[in-house]
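One letter stands for each residue in the lines below.
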Amino acid sequence: MQICRTIADMHQWRAGCACNVGFVPTMGALHAGHQSLLECMRAECTRAVASIFVNPKQFGPSEDLEHYPRPLESDLAFCEAAGVDCVFVPGATEIYPADLSTIVGVQGLDSIWEGAARPDHFAGVALVVLKLFNVIQPQRAYFGEKDFQQLLVIQRMVADLNLPVKVVRCPTVRESDGLALSSRNAYLTPGERQLAPLLYSAIRRVQEAFAAGKTKNLVAVGRAVLEARPEFAVDYFAVVGSDRLQPLQHGTADSRIIAAVRLGSTRLIDNAPLAPPATAQTQTPPSAVGVPS
Ligand code: PAF
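Counting restarts for each chain, with residues numbered from 1 along the sequence as it is written. With the structure being a predicted model, the display of local features is reserved for residues of pLDDT at least 70 and the display and counting of side-chain atom pairs for 80 or more, all residues being used for whole-chain, interface and lining totals. Computation of side-chain values: all heavy atoms of the structure, hydrogens and water removed.

Caption draft 1: Structural context of the overall build of the protein chain. Labels follow the DSSP assignment, with helices taken as runs of H or I lasting at least four residues and strands as runs of E lasting at least two, numbered in each case from the N terminus. A tally of helices and strands in the protein chain yields 11 helices and 9 strands. As a reference, a globule follows 2.2 Å times the number of residues to the power 0.38, and the radius of gyration itself is taken over C-alpha atoms. For a compact globule of 293 residues, the expected C-alpha radius of gyration is about 19 Å, and the protein chain comes in at 19 Å, within 12% of that figure. C-alpha extents for the protein chain along the principal axes are approximately 60 × 40 × 40 Å. Within the protein chain, the proportion of its 293 residues that are buried is 49%. Considering only contacts in the protein chain between residues 6 or more positions apart, those separated by 24 or more positions represent 73%. Per element, the accessible surface of the protein chain, about 13,500 Å² overall, is 53% carbon and sulfur. Side chains of the protein chain give 26 positive and 28 negative charges; the mean places of these two sets differ by 5 Å. Exposed residues in this analysis have more than 50% of their type's maximum accessible area, buried residues have under 20%, and partly exposed residues fall in between, with area computed by a 1.4 Å probe over protein chains only. Contacts: residue pairs with any heavy atoms within 4.5 Å of one another. Using the Shrake-Rupley algorithm and a 1.4 Å probe, accessible areas are obtained, with residue cover drawn only from the displayed protein chains. His is not counted, nor are the chain ends, whereas Lys and Arg count as positive and Asp and Glu as negative. To locate a charge, the coordinates of NZ of Lys, CZ of Arg, CG of Asp or CD of Glu are taken.

Caption draft 2: Region of the structure containing the sheet that holds strand β3 (residues 47–52). Sheet architecture is open: 6 strands sit in the order β1-β4-β3-β2-β5-β6, paired in parallel fashion. Both outer strands of the open sheet, β1 (2–4) and β6 (166–170), are each paired with one neighbouring strand and no more. Neighbour-to-neighbour, the strand axes of the sheet open up by a mean angle of 25°, direction not taken into account. Two strands pair under a simple rule: DSSP has to find at least two bridges between them. Bridging between β3 and strand β4 (residues 86–88) involves 3 bridges; their strand directions are parallel. If you follow Ala50 over to β4, its bridge partner there is Val87. The angle between two axes is taken between their N-to-C directions and runs from 0 to 180 degrees, where each axis is a line fitted to C-alpha atoms and a helix contributes only its stretch in contact. Across the face of the sheet, helix α6 (residues 121–136) comes into contact with β2 (21–26), β3, β4 and β5 (140–144) while running at roughly 150° to β2.

Caption draft 3: Geometry of unusual backbone geometry. Non-glycine residue Ala29 carries a positive phi angle of around 50°. Locating Ala29 in the fold gives a position in the loop between β2 and α2 (32–44). Unusually for a residue other than glycine, Trp113 sits at a positive phi of about 45°. Structurally, Trp113 is set in the loop between α4 (92–95) and α5 (114–117). With relative accessibility at 18%, the residue Trp113 sits in the buried group.

Caption draft 4: Spatial organisation of the site of the ligand. One heavy atom within 4 Å of a molecule or strand makes the whole residue count as near it. In the vicinity of the ligand, the residues found are Pro25, Thr26, Met27, Asn55, Gln58, Val128 and Gln150. Pairs of N or O atoms within 3.5 Å make up the polar contacts considered here, provided that, within protein, one atom can donate a hydrogen while the other can accept it, and that residues adjacent in sequence are counted only when both atoms are side-chain atoms. A distance of 2.6 Å separates an oxygen atom of the ligand from a polar atom in the side chain of Gln58. Between an oxygen atom of the ligand and a side-chain N or O atom of Gln150, the distance comes to 2.7 Å. Notes on the ligand: free accessible area 290 Å², of which the protein chains cover 87%. Considered class by class, the residues forming the shell around the ligand number 3 nonpolar, 4 polar and no charged. Think of it as three bins: nonpolar holds Ala, Val, Leu, Ile, Met, Phe, Trp, Tyr, Cys and Pro, charged holds Asp, Glu, Lys and Arg, and polar takes everything else, Gly as well.

Caption draft 5: Highlighting the nonpolar core. Among buried residues, those of type Ala, Val, Leu, Ile, Met, Phe, Trp, Tyr and Cys that are joined through side-chain atoms within 4.5 Å constitute a nonpolar core. Ranked by internal contacts, the top residues of the largest apolar core, which has 47 residues, are Met10, Phe88 and Phe133. Mapped by element, the contributors of at least two residues to this core are α1 (7–15), β2, β4, α6, β5, α7 (148–160), β7 (232–241) and β8 (255–263). Looking at this core element by element, the count peaks at 11 residues for α6. Those residues in contact with Phe88 that lie beyond four places of it in its chain are Cys4, Arg5, Thr6, Ile7, Met10, Ala50, Ser51, Ile52, Ile95, Leu132, Val135 and Ile136. Counting residues in each nonpolar core, the second largest holds 25 residues, with Leu179, Leu226, Val261 and Leu263 among its members.

Caption draft 6: Main features of the packing of α6 against α7. Contact pair α6 / α7: the axes reach a minimum separation of 10 Å and the direction vectors enclose 50°. In terms of their interaxial angle, α6 and α7 are classed as oblique. As for how α6 packs across α7, the hand of that crossing is right-handed. The segment α6 lies against α7, with Phe122, Val125, Ala126, Val129, Leu130 and Phe133 engaging Gln149, Gln150, Val153, Ile154, Met157 and Val158. Oblique is the label for any angle not covered by the other classes, which are roughly parallel (under 35 degrees), roughly antiparallel (over 145) and roughly perpendicular (65 to 115). Here a crossing is taken to be left-handed if its near helix is turned anticlockwise relative to the far helix by less than a right angle, and right-handed if that turn runs clockwise.

Caption draft 7: Up close: the packing of aromatic side chains. Aromatic rings from Phe, Tyr and Trp, taking only the six-membered ring of Trp, are treated as a pair when their centres fall within 6.5 Å; an angle between ring planes under 30 degrees marks them as stacked, one over 60 as edge-to-face, and anything in between as tilted. Taken as a whole and judged by the stated rule, the model has 5 aromatic pairs. With a centroid separation of 6.3 Å and an interplanar angle of 75°, the aromatic rings of Phe23 and Phe133 are classed as edge-to-face. Here the residue Phe23 occupies a position in strand β2, and Phe133 occupies one in helix α6, the gap between them amounting to 110 residues. Overall, the relative accessible area of 6% leaves Phe133 in the buried class. Between the aromatic rings of Phe53 and Tyr96, the centroid separation amounts to 6.1 Å while the plane-to-plane angle is 50°, which identifies the pairing as tilted. Of this pair, Phe53 sits in the loop between β3 and α3 (72–81) while Tyr96 sits in the loop between α4 and α5, and the two are 43 residues apart along the sequence. Assessed through its relative accessible area of 6%, Phe53 is described here as buried. Members of the aromatic cluster, each reached through a chain of ring pairs, are Phe23, Phe133 and Phe143. Of note, Lys57 hangs over the ring of Tyr96, and the distance from its end group to the ring centre comes to 5.0 Å. Lysine and arginine charges are scored as sitting over a ring when NZ or CZ, respectively, is within 6 Å of the ring centre and within 35 degrees of the ring normal. Over the aromatic face of Tyr200 sits the side chain of Arg174, whose NZ or CZ is 3.6 Å from the ring centroid.

Dropping the structure here:
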């Protein structure tokens, strides 16, 4: 496995590849969610590239940039075991020279929900992903549905700027109790970890209510699950359109449930379709933790 630390090295490696290069961008601290992205890439692409870069521009001033986990050696071993051909591991000044002046905005999508809670977050994500696409020039790039709004921001940017890359959506990977995998789950105390699956239980309750014929006031169903536990502070819980994320009064089969909560000092996000495919319904656990009946 090749490790490239500079853009020049990355260009040199890329020049030796024919087409069908796949790419998984990451911030490291790799887990089974990343594993599934890497597996999809490996199955579909001739050459597989991953990047590991903790992107300072997507962290707010009071967020966890300094403390974000950076287990580089084990991340590299993880990539190698997953069959990655090349890992791009740039330093911050390689990506962001002092005279960088360009910003990337995806208007509308970048300022709602996560964008409202985390100003400049999506501008930072869009900028780094655009730069990584330009450096690596993949034909296919893999993003998890776990960060659903991020996925839509990237898809919009790719379409608007006619970037020659196909964005491939990969399903959220969950623990057996329903908690969506995230590098930030490591911040949860043991007690919080036990409670955390309640977020997905609330989402499941809304799916169940919709499947039973309810289309109005679905948000109240999910909120009631979370608000029964004082440990959770709900940032948002909404039923939205699955392309523009606009709030909906009436859910429809192609709507999406999106949610963000604070549990202790950790912010958890999750999302799911309002009407999941039949197989997803049977594979996911029923309402898992302390759900009031
Ligand atoms: O999802 C992430 O890990 C990051 O937002 C990404 C896409 C690697 C950009 O820094």
